[in-house]
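# Residue-level structural notes
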Amino acid sequence: MHVLDRLEARACPVCGRSADDARSFLEDSIDPAELTGFSYASRKTPEYMSFRLVTCVSCRTVFAVTAPPAEALTQAYREAAYDSSEEARLAADTYVAALAAPLASLTMRQRALEIGAGTGVFLSRLTGAGFADVVGVEPSRAAIEAAEPLIRPMLREGVFVEGDFEPGSFDLICCFQTMEHVSAPRALAESCRRLLRPGGLLSLVTHDYRAPINRLLGRRSPIIDVAHLQLYCRSSLTELLRLVGLELIDIRSIKNTYPLDYWVRLSPLPRPLKARLQAALSVTGAGAWKLGVGVGNLMTVGRKPADVGLRAPGG
Ligand SMILES: [Zn+2]
């Protein structure tokens, strides 16, 4: 079965408001023939395809008005090719630096969970930051197979299921570049709140569709992607945390440091020009030069209030 065979209509995946009065953000642009094994892989070459996107008038989340059902997505991510080891290491460095200040406020560093852990590179950073018990959930079999032998035991293959973990047991839950991909991001954030101990932190890294670079690039921004079912901005993330009963303690733009050839791959240049430039970078070795660029990514950190169990449902 093709991932696009059956699509379901959606309301706003953050606040639940109907798509009926949402404002148009982008018309759909999907060519099923262009979908490949890499379409649901991380850090691929952009295809600039997307479902029809609208902006929620209540919470400002941009969302696809139709999307594949959750089971079809699970299948697509399980089978997704994986091609991002070097980039994953560099991204982990970026995230660990951005998390330093919020982590300083954590009194306990016992258990940490990463949802969408890829090859588990960030898990080793968490161990390095003092977390004793670290687990990552990752649906892509190829990503798990590419994990280093020491990291692999920390990875669980499959999509995240709240019931696999003990409520109130994590000091930190991380979900990086994943909230765009899931069918029900609010339900995921609610699960995270229940799995956190009081005082525990949820850290999200997402794209910011309102960041200047993404507004400038428009349809040619890498955030326009068939695998992205919703896109966030500061106000939609603030609302998401409020709705699930987490206190917002930090929201900031982060700069990603990647080699020059990675930036060229992501750039909105025409494909033939991009290929020539990539070849030149490869021959000269300049492709390996590292460059930190603010590409419109946000890190958002929320804390589970100490008394949340007394008032929030399921808390
Ligand atoms: Zn909304």
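The rules behind these values
- Residues numbered from 1 in each chain as written.
- Predicted model: local features only at pLDDT ≥ 70, side-chain atom pairs only at ≥ 80, totals over all residues.
- Heavy atoms only, no water.
- Buried < 20%, exposed > 50% of the residue type's maximum accessible area, 1.4 Å probe, protein only.
- Helix = DSSP H or I, 4+ residues; strand = E, 2+ residues; numbered from the N terminus.
- Pairing = 2+ DSSP bridges.
- Donors = N, O, S within 2.8 Å, 3.2 Å for Na, K, Ca; no water.
- Salt bridge = Lys/Arg side-chain N within 4 Å of Asp/Glu carboxyl O.
- Axes fitted to C-alpha atoms, helices over the stretch in contact; angles between N-to-C directions.
- Contact = heavy atoms within 4.5 Å.
- Core = buried A, V, L, I, M, F, W, Y, C linked by side-chain atoms within 4.5 Å.

## Here we look at the pairing of strand E10 (residues 196-207)
For E10, the tally of buried residues reaches 10 of 12 residues, placing the bulk of the element in the interior. Relative to E10, strand E9 (residues 170-176) is paired through 6 bridges, and the arrangement is parallel. Residue pairing for E10: Ile173 is matched across the bridge by Leu202. Here E10 pairs with strand E13 (residues 290-303) via 7 bridges, running antiparallel. Paired with His207 across the bridge in E13 is Asn297.

## With respect to the coordination of the zinc ion
Protein-derived coordination of the zinc ion comes from Cys12 (SG), Cys15 (SG), Cys56 (SG) and Cys59 (SG), at a distance range of 2.3 Å. The sequence pattern formed by the donor residues of the zinc ion is C-x2-C-x40-C-x2-C. Remark: Cys56 occurs in the loop between strand E3 (53-55) and strand E4 (62-64) and Cys15 occurs in the loop between strand E1 (8-9) and strand E2 (23-26); sequence separation between them is 41 residues. Given the relative accessible area of 2%, Cys56 is considered buried.

## Some remarks on the pattern of salt bridges
Applying the stated criterion across every chain, the model contains 12 salt bridges. Residues Asp133 and Arg111 are paired through a salt bridge, measuring 3.0 Å at the closest nitrogen-oxygen approach. With Asp133 in strand E7 (residues 133-138) and Arg111 in strand E6 (residues 111-115), this residue pair connects regions lying 22 residues apart in the sequence. Looking at Asp133, the relative accessible area reads 34%, which means it is partly exposed. What you see here is one network of salt bridges that share partners, running through Arg6, Glu8 and Glu71.

## Brief notes about the sheet that holds strand E8 (residues 155-157)
Ordered by their spatial adjacency, 7 strands build an open sheet running E8-E7-E6-E9-E10-E13-E12, and the pairing between neighbours is mixed. In this open sheet, the two strands that pair with only one neighbour each are E8 and strand E12 (247-259). Between one strand axis and the next, the sheet turns through 20 degrees on average, direction left out of account. The strands touched by helix H2 (residues 85-104) within the sheet are E9, E10, E12 and E13, with E12 carrying the most contacts at an inclination of about 150 degrees. Against the sheet, helix H7 (residues 234-243) touches E10, E12 and E13, its axis set at about 135 degrees to E12.

## Looking at the nonpolar core
Judged by nonpolar contacts, the single largest core of 37 residues is most densely connected at Leu172 and Met299. Broken down by secondary-structure element, the contributors of at least two residues to this core are H2, helix H3 (121-128), helix H4 (141-145), E9, E10, E12, helix H8 (260-266) and E13. The element contributing the most residues to this core is H2, with 8 residues. Setting aside anything within four residues of it in sequence, one finds Met299 in contact with Tyr95, Ala98, Leu99, Phe176, Ser203, Leu204, Val205, Asp250, Ile251, Arg252 and Ile254. Listed in part, the 33 residues of the second largest apolar core include Cys12, Cys56, Phe160 and Leu188.

Fair warning: the whole summary comes from geometry, so function is off the table for now.
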